[in-house]
Every structure is written in structure tokens, then in C-alpha cells.
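Coordinate inspection notes
This is what each chain is made of:
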Amino acid sequence: MYTQAMSVGPQETAAKVQSVEEAQAQQAFDARIDAGDFIEAKDWMPEHYRKTLVRQISQHAHSEIVGMLPEGNWITRAPTLKRKAILLAKVQDEAGHGLYLYSAAETLGTSRDQMLDALHTGKAKYSSIFNYPTLSWADVGVIGWLVDGAAIMNQVPLCRCSYAPYARAMIRVCREESFHQRQGFESLLTMTQHGTDAQRAMVQDAVDRWWWPSLMMFGPEDKDSPNSEQSIRWGIKRITNDQLRQKFVDACVPQAALLGVTLPDPDLKWNAEREAHDFGRIDWDEFWRVINGDGPCNRERLAARVKAWDEGAWVREAALAYAKKQAMKEQAA
Ligand code: BYC
């Protein structure tokens, strides 16, 4: 018995050798991360790092695609040709962001079909913010100001993400998000400075409804964020959820004053000691409800995406048939 337990068969030896190699690869990977190196698609990476990236990047891609829906709802009702052209460009940019991000995730060995299946079957998450309705034209401006503003705050550090294909995609995304944020702010400024009392009231109502959900975009508090610690250690996330949320609040306060709107938080005040704003408690029950599928528009958003996928089947089939025909022609030539 004793000798048997000690004996190592050829298969086990191979497994052991492999694990030594893996330990070395892991060490080399850790050293590269510590040195601030970027990891490329073909480089060795631990399975957990790969999975974390696929999870985050695919959720990010889904958020961009689902994020087209609340604003897309207003394209036919934009008040002027200029606003309509801006909104069309913005919504198209979001489709583009989704495509860069799906491509970045595909470099990690997953397929677009797998990612979309996870979205359509409700297994994959997308940003909580897109499960709220857009009730008035002012919502479009507020999405630009607050939602894109929060997105930039979160995404600028991702330009330095340790996974290079994601970092590269984020550089372009951030440039475009910056235009999105400005157009939203400018649209609101036009309404609050040159609009009627009814338009100013419409802006305030939109701010009241979007402020708290925007703060939720940064994710749970650090103490309740299961992924943050490891993601920060790997250089996937560079700044924690709470730190980014605080930076966002501090940036928004003077912007709200410029617009002449009130942020709907009686506890919001400058804390000279911390040199930052204190703010009220986020309704975390609402956050978890929304990300678990029970927000005001979750079912509507998912149904819209599934319908678009089903109705696009003929386009995918035609593209595949065309590619096959081209390949056959090339083979014959
Ligand atoms: N909504 O451990 P945590 C845009 C999930 S698109 C839904 O802190 P992590 C735009 C989280 O996924 C904006 N789910 O996670 C588009 C995790 O769930 P699982 C999207 C959320 O990953 C069009 C669990 O809660 N931006 O800007 O370390 C128009 C625990 O959280 C949310 C990105 O995706 C949420 N708000 O940190 C306009 C940026 N928060 O997977 C604008 C990239 C958390 O463990 N992503 N969860 O089941 C990130 O930076 C990070 O993934 C997060 C979360 C900060 C969002």
C-alpha cells in the first residue's frame, strides 16, 4: 500500500511536470503584472484572469448595446434636426463601442455567439442604468451628462487595464464618450439657460430620477464587491468602485451649480476635512433588485434585444452564405 501510494505513474509525472511549468508561467505572469506590463492575447495568463476579463468585457459590451435602447427611443422625437443628428451619431457610437468590446473579448477565446446567448438567456449582466425608462427629452441630456459622465470616470482608468486589447479599445471609447458627455451637458444648459420654466422643471425632474441610478453604475461598495480586490491586484481595475463614485460626485456638484439644478440628496455637502463631498446612502436593495433582473425595464430591454437578434437571423445567414460562396470561388481559382 505504502509503496503504491508513493509510486508515480507516467501520466501523473506528466501532470506534475505541467504544473511545475504552470507555476513558472504564473510567476512570470505575476512579475509582468507587478512591473506594469501589458498582457497580450497570445501571452500565457491564469484561467481566472481570463474568465474575469471575459466577464467584465462582455458585460461592458452588452451595456453598450442595451444602452442604445433608452436613447434610441427619442431619435424620432428629437426637438430639432441638430439634436436628432447628434443623438443618431451618439447611438451609432455606442453600437461601435459594443463591437470593439465584443472583439476584445473574442481575443480571450470566447465567441460572440456565446456572449450573446448569455445576454439573451439572462445569464450575463449589463449595466443597471439601462433598466430605467426615458420619460422626457431632458432624460436624453441627463443621460449624456450623468450616465456618460459616470462612464468616462469609470473607463479612463480602463485605458491602463493590464489586458492590452481591452485597454486599446477603451482609448477610442473614452474619446467618444467625452463628446457624449459634452453634448448632454450642452443640451441641458440650453434648456436651463434659454428655456421656459416648464423646460427647467423637466430638466430637474430628469436629474431627480437619474442621479441615484448613476451613482449605482460604479457597482457595490468596496466592502461588498467580490471582484474588486483581485481585479485591482491584476491591474484590470485601477481604482475602486467607491473611489470612482466619490470622484464622480465631486465632479458633478459644480456642474449642477452651473446648470442651476439641485442634486436630489439632502445629505450632500462639502467635507473640508476629507476634501470631498459627503453624500447620502444609496438604496442598495434597489441596486441588487435591478441587476438581478427586476428593475423597471429589465424585461422590456431583454425582449428588445432578443427580438432584434431573431429578426436579424436572415442577415447572418445571408452573410455566411456569401462568405461560403466567396471561399468556394477562391478555392476554384
Ligand atoms: N450594473 O464585484 P463587483 C456605458 C455586478 S456602459 C450591473 O464590484 P466588478 C454607456 C458585477 O458585474 C457602462 N451589474 O464587480 C453605454 C458583479 O457581477 P458578477 C458599463 C453590476 O466587475 C451606452 C457584481 O455586480 N460600463 O457607459 O469588479 C450609453 C459585483 O460587483 C453593476 C462598464 O461595464 C452595475 N452597475 O466591478 C451610455 C465598465 N455594478 O459578474 C453609457 C467596465 C456591479 O460577478 N466594468 N455589477 O455576477 C467595470 O468597470 C466593472 O465591471 C464594474 C463592476 C465597476 C461595473
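First, a word on what this report is: a plain description of the structure on this page. (Residues numbered from 1 in each chain as written. Predicted model: local features only at pLDDT ≥ 70, side-chain atom pairs only at ≥ 80, totals over all residues. Heavy atoms only, no water.)

So, about unusual backbone geometry. Look at Glu-275: it is not a glycine, yet its phi comes out positive at around 55°. Its location among the elements puts Glu-275 in the loop between β1 (269–271) and β2 (276–278). Given the relative accessible area of 61%, Glu-275 is considered exposed. (Helix = DSSP H or I, 4+ residues; strand = E, 2+ residues; numbered from the N terminus. Buried < 20%, exposed > 50% of the residue type's maximum accessible area, 1.4 Å probe, protein only.)

Bringing the site of the ligand into the picture now. Inspection of the region around the ligand gives 33 residues, with Gln-59, Lys-125, Ser-128, Ser-225 and Lys-237 positioned closest. Asn-154 is positioned with one of its side-chain polar atoms (N or O) 3.0 Å from an oxygen atom of the ligand. One nitrogen or oxygen atom from the side chain of Gln-155 is found 3.4 Å from an oxygen atom belonging to the ligand. In isolation the ligand exposes 1000 Å². Once the protein is present, 91% of that is buried. Every element with two or more residues in the shell around the ligand is listed here: α3 (47–66), α7 (137–155) and α12 (284–291). A per-element tally of the shell around the ligand places α3 first, with six residues. Class assignment for the residues of the shell around the ligand results in 13 nonpolar, 14 polar and six charged. (Near = heavy atom within 4 Å. Polar contact = N/O pair within 3.5 Å; in protein donor to acceptor, adjacent residues only side chain to side chain. Areas by Shrake-Rupley, 256 points an atom, 1.4 Å probe, with all protein chains shown as cover. Nonpolar A, V, L, I, M, F, W, Y, C, P; charged D, E, K, R; others polar.)

We now examine α7. Over its 19 residues, α7 extends 26 Å from the first C-alpha to the last, a length consistent with the 27 Å expected when each residue adds 1.5 Å. Ile-143 marks the point of greatest bend in α7, at about 35°. With 18 of 19 residues buried, α7 lies mostly within the body of the structure. (Expected span 1.5 Å × (residues − 1). Bend = angle between axes of the 7 residues up to and from the residue.)

What follows covers the state of the cysteines. A full pass over the atoms with the stated rule returns zero disulfides. Free cysteine Cys-159: the closest other cysteine sulfur is in Cys-174, separated by 3.8 Å. Judged by relative accessible area, which is 19%, Cys-159 ranks as buried. Residue Cys-174 is classed as buried on the basis of its relative accessible area of 10%. (Disulfide = S-S within 2.5 Å.)

The subject of this paragraph is the side chain of Asp-93. Its location among the elements puts Asp-93 in helix α5 (residues 81–106). What Asp-93 contacts, discounting residues up to four positions off in sequence, is Glu-176, Phe-179 and His-180. (Contact = heavy atoms within 4.5 Å.)

Turning our attention to the packing of aromatic side chains. Taken as a whole, this structure holds 10 aromatic pairs when the rule is applied. Through pairs of rings, three or more aromatic residues link up here, namely Phe-29, Trp-44, Tyr-49 and Trp-234. Directly above the aromatic system of Trp-74 lies the positively charged group of Arg-77, at a separation of 3.9 Å from the ring centroid. Positioned over the ring face of Trp-309 is Arg-316, at 3.4 Å from the centre of the ring. (Phe/Tyr/Trp six-rings, centres within 6.5 Å; stacked < 30°, edge-to-face > 60°. Lys NZ or Arg CZ within 6 Å of the ring centre and 35° of its normal.)

Soluble globular proteins tend to bury their nonpolar side chains together. Among the nonpolar cores identified, the biggest contains 74 residues, and Tyr-49, Trp-145 and Tyr-163 are the most heavily contacted of them. The dominant element in this core, judged by the number of residues it contributes, is α7, at 10 residues. Every residue in contact with Trp-145, bar those within four places of it in the chain, is listed here: Gln-181, Gly-184, Phe-185, Leu-188, Val-207, Cys-252, Gln-255, Ala-256, Leu-259, Val-261 and Leu-263. (Core = buried A, V, L, I, M, F, W, Y, C linked by side-chain atoms within 4.5 Å.)

Looking at the element boundaries, Glu-47 is found in helix α3. The class of Glu-47 is partly exposed, set by a relative accessible area of 47%. For Glu-47 and Asn-271, which are 224 residues apart along the polypeptide, the C-alpha to C-alpha distance reads 43 Å.

Looking now at the pattern of salt bridges. In total, this model carries 21 salt bridges according to the counting rule given. Residue Glu-221 is joined to Lys-223 by a salt bridge in which the shortest nitrogen-to-oxygen separation is 3.7 Å. For Arg-233, the salt bridge is made with Glu-229, and the minimal N-O distance between the two is 3.2 Å. Here Arg-233 pairs with Glu-229, and both are found in helix α10 (residues 228–233), just four residues apart, close to one helical turn. A single burial state applies to Arg-233 and to Glu-229, both of which are exposed. Each member of the salt-bridge network shares a partner with another, and the members are Glu-71, Lys-90, Glu-94 and Asp-148. (Salt bridge = Lys/Arg side-chain N within 4 Å of Asp/Glu carboxyl O.)

Here we come to the packing of α7 against helix α11 (residues 241–259). Packed helix pairs are characterised by how far apart their axes lie and by the angle those axes make with each other. Packing of α7 against α11 leaves a shortest axis separation of 10 Å and a crossing angle of 145°. Crossing geometry of α7 relative to α11 is assigned as right-handed. Listed contacts from α11 to Trp-145, Leu-146, Gly-149, Ala-150, Met-153 and Asn-154 of α7 are Leu-244, Lys-247, Phe-248, Ala-251, Cys-252, Gln-255, Ala-256 and Leu-259. By residue class, the composition of the contact of α7 with α11 is 10 nonpolar, three polar and one charged. (Axes fitted to C-alpha atoms, helices over the stretch in contact; angles between N-to-C directions. Left-handed = near helix turned anticlockwise from the far one by under 90°.)

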